[in-house]
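The lines below spell out each chain.
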Amino acid sequence: MRRMIIMAAIALSLLAGTAMAESINGRLGLTGKAGFVVPLADSTINGSTFWLSDVGFAGGGGLMYGIGDYLALEADVTHVPSLDVKMGSGTKVAEAQFTDFSLGLQFRILPGISLVPYIGGGADVIKGDIDGSALDWTYGGHVNGGVDYFINKSIALNLESRGIFAVKSDIKQNGVTVGKFDPMNVVTTFGVRLFLPEKW
């Protein structure tokens, strides 16, 4: 029983440590990340339905700025370099890629300790391409949630999941609209944040 109490105390001290004795208020954070994307919607071209790979690689980075202990502004870029375009029985007919640019607001829960969960949301613009076709820019939004684990006052490990939704984009061939592309997806990434000092 005594051993269990000691183990519980150690676990709580790890979760509620003081690695982040300083707030991120007024500090700029730089983020690098990599993970995977799961497309959620089918699209159409020339009257036929197509879909993208079940899972693909995603990577990117961004900036965040603390505007208080509980709030942060976030600018983010996520790039998906290659997803298989499949039709009919699952035959690959092309490759697609897209880039998501977003601005958002993050609400940070339990700031001031090592493990800081957060939720957020914001606005997105998306540009993509499919082999042999052009995709128009489209716009939408995202909701996200994750956790930062602070190794020290300046470095945090990050895990985040982000749901992205947007207006369907026109697919064009030789300037003629031949279909609609739906970029709705979920991106899960692992990353590192570097927070600069308040005065830099």
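Residues numbered from 1 in each chain as written. Predicted model: local features only at pLDDT ≥ 70, side-chain atom pairs only at ≥ 80, totals over all residues. Heavy atoms only, no water.

A.B. asks: What am I meant to see in the overall build of the protein here?
C.D. replies: Of regular secondary structure, the protein possesses 1 helix and 13 strands. Secondary structure of the protein in N-to-C order comes out as α-β-β-β-β-β-β-β-β-β-β-β-β-β. Relative to its 200 residues, the protein shows a buried fraction of 40%. When contacts within the protein are restricted to residue pairs at least 6 apart in sequence, those whose partners lie at least 24 apart make up 62%. When the accessible surface of the protein is split by element, carbon and sulfur atoms take 66% of a total near 10,300 Å². (Helix = DSSP H or I, 4+ residues; strand = E, 2+ residues; numbered from the N terminus. Buried < 20%, exposed > 50% of the residue type's maximum accessible area, 1.4 Å probe, protein only. Contact = heavy atoms within 4.5 Å. Areas by Shrake-Rupley, 256 points an atom, 1.4 Å probe, with all protein chains shown as cover.)

A.B. asks: Explain the side chain of Thr189 to me, please; I cannot follow it from the model alone.
C.D. replies: With respect to the helices, strands and loops of the structure, Thr189 is situated in strand S13 (residues 185–195). Owing to a relative accessible area of 2%, Thr189 belongs among the buried residues under this scheme. Setting aside its immediate chain neighbours within four residues, Thr189 contacts Lys33, Ala34, Gly35, Asn158, Leu159 and Glu160.

A.B. asks: Quick question: what am I supposed to make of the pattern of salt bridges here?
C.D. replies: Close approach of charged atoms lets side chains of opposite charge pair. Applying the stated rule across the entire model yields 11 salt bridges. Linking Arg193 and Asp148 is a salt bridge whose minimum nitrogen-to-oxygen distance equals 2.9 Å. Within this pair, whereas Arg193 is found in strand S13, its partner Asp148 is found in strand S9 (residues 138–150), the two being separated by 45 residues in sequence. Take Arg193 and Asp148: they sit in the same class, and that class is buried. Put simply, Glu160 and Arg162 hold a salt bridge, and the shortest N to O gap is 3.0 Å. Summarising the burial analysis for this pair, Glu160 and Arg162 share the class buried. (Salt bridge = Lys/Arg side-chain N within 4 Å of Asp/Glu carboxyl O.)

A.B. asks: It is not clear to me how the pairing of strand S1 (residues 28–39) should be interpreted in this structure. Could you clarify?
C.D. replies: In regular strands, side chains alternate between the two faces of the sheet. Pairing of S1 with strand S4 (residues 56–66) involves 10 bridges; the strand directions are antiparallel. Following the sheet pairing, Gly29 is matched in S4 by Met64. Here S1 runs beside S13; their pairing, made up of 11 bridges, is antiparallel. Among the inter-strand pairings, Pro39 is bridged to a residue of S13, identified as Asn185. (Pairing = 2+ DSSP bridges.)

A.B. asks: Whenever I open this one, a nonpolar patch on the surface confuses me. Can you help?
C.D. replies: A surface patch of nonpolar side chains, about 890 Å² in accessible area, is lined by Tyr65, Ile67, Tyr70, Leu71, Leu73, Leu105, Phe107, Ile109, Leu110 and Ile119. Looking at the nonpolar patch, the elements that each hand over two or more residues are strand S5 (71–87) and strand S6 (91–108). For Leu73, the location among the structural elements is in strand S5. For Leu73, a relative accessible area of 42% translates into the label partly exposed. (Patch = residues over 30% accessible without salt bridge, like charges linked within 9 Å, V, L, I, M, F, W, Y side chains within 5 Å.)

A.B. asks: Explain the confidence of the model for the protein here, please?
C.D. replies: Atomic detail in the predicted coordinates should be set aside for any region of low pLDDT. On average, the protein scores 89 in pLDDT, and the residues at 70 or more come to 88%. This model gives residues 4–21 a pLDDT under 50, and the stretch forms 20 contacts once residues within four places in sequence are excluded. (pLDDT = per-residue confidence, 0-100.)

A.B. asks: Looking at this structure, I do not really get the pairing of strand S11 (residues 169–173). What am I missing?
C.D. replies: Bridge count between strand S8 (residues 133–135) and S11: 2 bridges; the pairing is antiparallel. Note on S11: the bridge partner recorded for Leu135 is Ile171. Linkage of S11 to strand S12 (residues 176–181), two consecutive antiparallel strands, is achieved through a turn of 2 residues, within which Asn174 is found at a positive phi near 55°.

A.B. asks: Help me understand empty space enclosed by the protein in this model?
C.D. replies: Over the atoms rolls a probe the size of a water molecule, and its path tells where empty space is left. Across all of its chains, the model carries 2 cavities of 30 Å³ or more by this definition. Put simply, the largest cavity is a space of about 50 Å³. Forming the boundary of the largest cavity are Thr31, Lys33, Glu74, Asp76, Tyr118, Asn158, Glu160, Arg162, Thr189 and Arg193. Of all elements in the fold, only S1, S5, strand S10 (155–166) and S13 reach the threshold of two or more residues within the lining of the largest cavity. (1 Å grid on protein atoms, 1.4 Å probe; cavity = no way out; pocket = protein on both sides within 12 Å on 5 of 7 lines; lining within 4 Å. Points joined across faces, edges and corners; volume = space filled by probe spheres on them.)

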